[in-house]
Amino acid sequence: MKKALQHNHTMTQTSFWKNLLCAFVAVLFILLPPVHLAKANILDTFGKFGVKDEVELGKKFSILIKSRMPILEDPEIVSYVEGVLDRLQANIPPQPFPFEINVIVNDTLNAFAVPGGYVFVHTGMLLEMEHESELAGVLAHELAHITQRHIAKRIEKSQKVQLMSLVGMLAGAVLGATTESGSEVTSGLITGSMAAGQAALLNYSREDEREADQMGLIYLTDAGYNPNGLSNSFEKIRRRKWESGSNMPSYLSTHPAVEERQDYLAGRVASLPKDIQSRPEDDIRFKRVQILVRSRFTDPNTALTYFSKQEQTPIILMGRGIAAARVNKVKEAAEYFDKAVKNAPKDYLILREAGRFHYTKGDTNKAIFLLQKAAVRNPEDLMTLFFYARLLNDKGDSKSAGSYYQKILRKLPEDSEVHFFYGKMLGQSGDQFNGHLHLAYSALYRNDPKKTAYHIKKAEALATTQEQTSALELIKKQRDERAAYWE
């Protein structure tokens, strides 16, 4: 639902990683109690690095990422990746914390995990994989780094490292990955290390990566996926990096050779029963999500060229419609959507996107017809409910619209666009306090400090009850958590 998310995110890789360094150092200082730097060592704080510490570190790092990178909120895509993660998690030993996965709008091939159960995957990774089992293999490997406490254990083993030496090594780990020309390169795939491991100076060892390969394969297989997914993902990323002329990701270059690891995984897979080795690939929803990502979150002209070369199925026509609308080819977009709906009149995703298109172009009656049909087909689709709520409000039924906004925010509490339209509606309806409160949340999740402060100040002037005071305290706490990483 974040219309503001664009493929051309303004922060450069170099700027991001330099800011990441500063922010992660800040995380370390937040976690470390005040000590004399000349005498301090990791034993003072990390000697007993337990679950509580892992969760705290992961939470702070998650806030850092969300304050700096564009997080995708489309419920169709979010629910899909959550489903893959849940399927894997259901077959791993119980963990002392819940897992959370977020999708970053970024076309690089990357995924990473941090202690405390936080997993991030780039849209570039979603698009590059051919099968869901390969995406699941990437995530299974990341989960293994968490479940085996690789980062936490290495923190504990670093007890004799001076704090300032730790910061120096952190600088080398984060800023050291450059090409010969000096430009920044991505740390690469499956590195759970990229953010947490390298940023905490704790590059995974050969043993860590071998164990993550081994446990990841177990998690992948136990979840019912084709076991070749993990090694196939290695090969795709290695090939993509070679074709693009980029340096090999650190995950594939500084650890055991990828060929060695693929051979190892091939041997493990060969020892499995034949029926497991030959499990069929079920990629129906995966392919639909890829089309949605490509059409809405990559360069629209490139997407149009790609879709023009594919078989013109209804879902591909939908993708062409989305991409065409983004470059204001309204007539062409309408034709694509009409054909898609005609050929797949019961597909809720196609109905939803067609309804969304016609709403934004001002055809309210057609939008209502399509969105109502989409809601009947999938009453839990939050994007459908979002645009239906906007239609209801446009027609003067703010009470019904409000109930839909509330339902959406229970599932997507950090969606800035939903907060914006809900807050705007509340203000227009006379509820000035909650209107400014939700507009403040919208600005907060867009990482807009000035507007966040403006709406909090407005809400403060209107607060008259203890409930409202408590609501303000909550948003100020979240504001302060993010403000530590805002430029």
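### Overview of the overall build of the protein chain
Check the secondary structure of the protein chain and you find 26 helices and three strands. Residues counted as buried form 55% of the 487 residues belonging to the protein chain. Partitioning the intrachain contacts of the protein chain with sequence separation of at least 6 by distance along the chain shows that 70% fall at a separation of at least 24. Put simply, the protein chain shows about 21,200 Å² of open surface, and 52% of that area lies on carbon and sulfur atoms.

### Observations concerning the pattern of salt bridges
For the coordinates displayed, the defined rule picks out 21 salt bridges. Between Asp-74 and Arg-352 there is a salt bridge, with the nearest N and O atoms lying 3.3 Å from each other. Note that Asp-74 is positioned in the loop between helix 3 (51-68) and helix 4 (75-89) and Arg-352 in helix 19 (residues 348-360), a separation of 278 residues in sequence. For the pair shown, Asp-74 and Arg-352 are each scored as buried. Ionic pairing is found between Asp-381 and Arg-352, a salt bridge with its closest N-O pair at 3.2 Å. Of this pair, Asp-381 sits in the loop between helix 20 (364-377) and helix 21 (382-394) while Arg-352 sits in helix 19, and the two are 29 residues apart along the sequence. Just as Asp-381 is buried, Arg-352 falls in that class too. Where salt bridges share partners, they join Asp-74, Arg-296, Arg-352, Glu-353, Arg-356 and Asp-381 into one cluster.

### What to know about helix 17 (residues 314-326)
Between its first and last C-alpha, helix 17 extends 19 Å over 13 residues, near the 18 Å set by a 1.5 Å rise per residue. For helix 17, the tally of buried residues reaches ten of 13 residues, placing the bulk of the element in the interior. Considered for burial, the residues of helix 17 that qualify are Ile-315, Ile-316, Leu-317, Met-318, Gly-319, Arg-320, Gly-321, Ile-322, Ala-323 and Ala-324. Close packing links the buried residues of helix 17 with helix 15 (284-297), helix 16 (300-308), helix 18 (330-343) and helix 19. Asn-328, located one to two residues past helix 17, shows a positive phi value of around 65 degrees.

### A word on the packing of aromatic side chains
If you walk through the whole model with that rule in mind, you get 13 aromatic pairs. Pairing Tyr-388 with Tyr-404 gives two aromatic rings, centres 5.7 Å apart and planes at 75 degrees, and the pair type is edge-to-face. Linking Tyr-388 in helix 21 with Tyr-404 in helix 22 (residues 398-411), this pair joins segments that are 16 residues apart in sequence. Residue classification places Tyr-388 among the buried positions, given a relative accessible area of 19%. Taken together, the ring pairs connect Tyr-359, Phe-386, Phe-387, Tyr-405, Phe-420, Phe-421 and Tyr-422 into an aromatic cluster. Above the plane of the ring of Tyr-264 lies Arg-210, whose end atom (NZ or CZ) is 4.1 Å from the centre. Here Arg-294 stacks its cationic end above the ring of Tyr-306, 3.8 Å away from the centre of that ring.

### With respect to the nonpolar core
Generally speaking, soluble globular proteins have nonpolar side chains that are buried together. Counting residues in hydrophobic clusters, the biggest one holds 75 residues, and the most contacted among them are Ile-77, Leu-88, Val-119, Met-125, Leu-135 and Met-318. Tallying contributions element by element places helix 6 (residues 132-147) first for this core, with eight residues. With 23 residues, the next largest nonpolar core counts Ala-389, Leu-391, Leu-409 and Leu-412 among its residues.

### Structural notes on the environment of Thr-298
Mapped onto the secondary structure, Thr-298 falls in the loop between helix 15 and helix 16. Separated by 171 residues in the primary sequence, Thr-298 and Leu-127 place their C-alpha atoms 10.0 Å from one another. Within the local environment of Thr-298, its side chain forms a polar contact with the backbone oxygen of Arg-294, the two atoms lying 2.5 Å apart.

### So, the packing of helix 16 against helix 17
Following both chains from N to C, one finds helix 16 and helix 17 inclined at 155 degrees, their axes separated by 9 Å at the closest point. Judged by the angle between their axes, helix 16 and helix 17 are roughly antiparallel. In this structure, the crossing between helix 16 and helix 17 has a hand that is left-handed. Residues Pro-300, Ala-303, Leu-304, Phe-307 and Ser-308 of helix 16 pack against Ile-316, Gly-319, Arg-320, Ala-323, Ala-324 and Arg-326 of helix 17.

### Examining helix 15
Here helix 15 spans 20 Å end to end across 14 residues, near enough to the 20 Å set by a 1.5 Å rise per residue. Those residues of helix 15 that fall on the buried side of the exposure criterion are Phe-286, Arg-288, Val-289, Gln-290, Ile-291, Leu-292, Val-293, Arg-294, Ser-295, Arg-296 and Phe-297. Tucked inside the fold, the buried residues of helix 15 contact helix 4, helix 5 (123-128), helix 6, helix 16, helix 17 and helix 19.

### Quick look at the pairing of strand 1 (residues 100-104)
Of all five residues making up strand 1, four are buried, and the element is well covered by its neighbours. Examined bridge by bridge, strand 1 and strand 3 (residues 118-122) share five bridges and lie parallel to one another. Bridging from a neighbouring strand, Val-103 pairs with Val-121 of strand 3.

### Describing the sheet that holds strand 1
Reading across from one edge, 1-3-2 is the order of the three strands in this open sheet, with mixed pairing throughout. Edge positions in the open sheet fall to strand 1 and strand 2 (111-114), since each of these has one partner strand only. Geometrically, the sheet is characterised by an average inter-axis angle of 20 degrees between neighbouring strands, direction not taken into account. Pairing of strand 2 with strand 3 involves four bridges; the strand directions are antiparallel. In the strand pairing of strand 3, Ala-111 is matched with Val-121. The strands touched by helix 3 within the sheet are strand 1, strand 2 and strand 3, with strand 3 carrying the most contacts at an inclination of about 30 degrees.

### Thoughts on the confidence of the model for the protein chain
Scored by pLDDT, the protein chain has a mean of 81; 75% of the residues are at 70 or more. Confidence drops under pLDDT 50 across residues 2-47; counting only partners more than four residues distant or on other chains, this segment forms 94 contacts. The model gives residues 245-256 a pLDDT under 50, and that stretch makes 36 contacts with residues more than four places away or in other chains.

Cut-offs applied
- Residues numbered from 1 in each chain as written.
- Predicted model: local features only at pLDDT ≥ 70, side-chain atom pairs only at ≥ 80, totals over all residues.
- Heavy atoms only, no water.
- Helix = DSSP H or I, 4+ residues; strand = E, 2+ residues; numbered from the N terminus.
- Buried < 20%, exposed > 50% of the residue type's maximum accessible area, 1.4 Å probe, protein only.
- Contact = heavy atoms within 4.5 Å.
- Areas by Shrake-Rupley, 256 points an atom, 1.4 Å probe, with all protein chains shown as cover.
- Salt bridge = Lys/Arg side-chain N within 4 Å of Asp/Glu carboxyl O.
- Expected span 1.5 Å × (residues − 1).
- Phe/Tyr/Trp six-rings, centres within 6.5 Å; stacked < 30°, edge-to-face > 60°.
- Lys NZ or Arg CZ within 6 Å of the ring centre and 35° of its normal.
- Core = buried A, V, L, I, M, F, W, Y, C linked by side-chain atoms within 4.5 Å.
- Polar contact = N/O pair within 3.5 Å; in protein donor to acceptor, adjacent residues only side chain to side chain.
- Axes fitted to C-alpha atoms, helices over the stretch in contact; angles between N-to-C directions.
- Parallel < 35°, antiparallel > 145°, perpendicular 65-115°, else oblique.
- Left-handed = near helix turned anticlockwise from the far one by under 90°.
- Pairing = 2+ DSSP bridges.
- pLDDT = per-residue confidence, 0-100.

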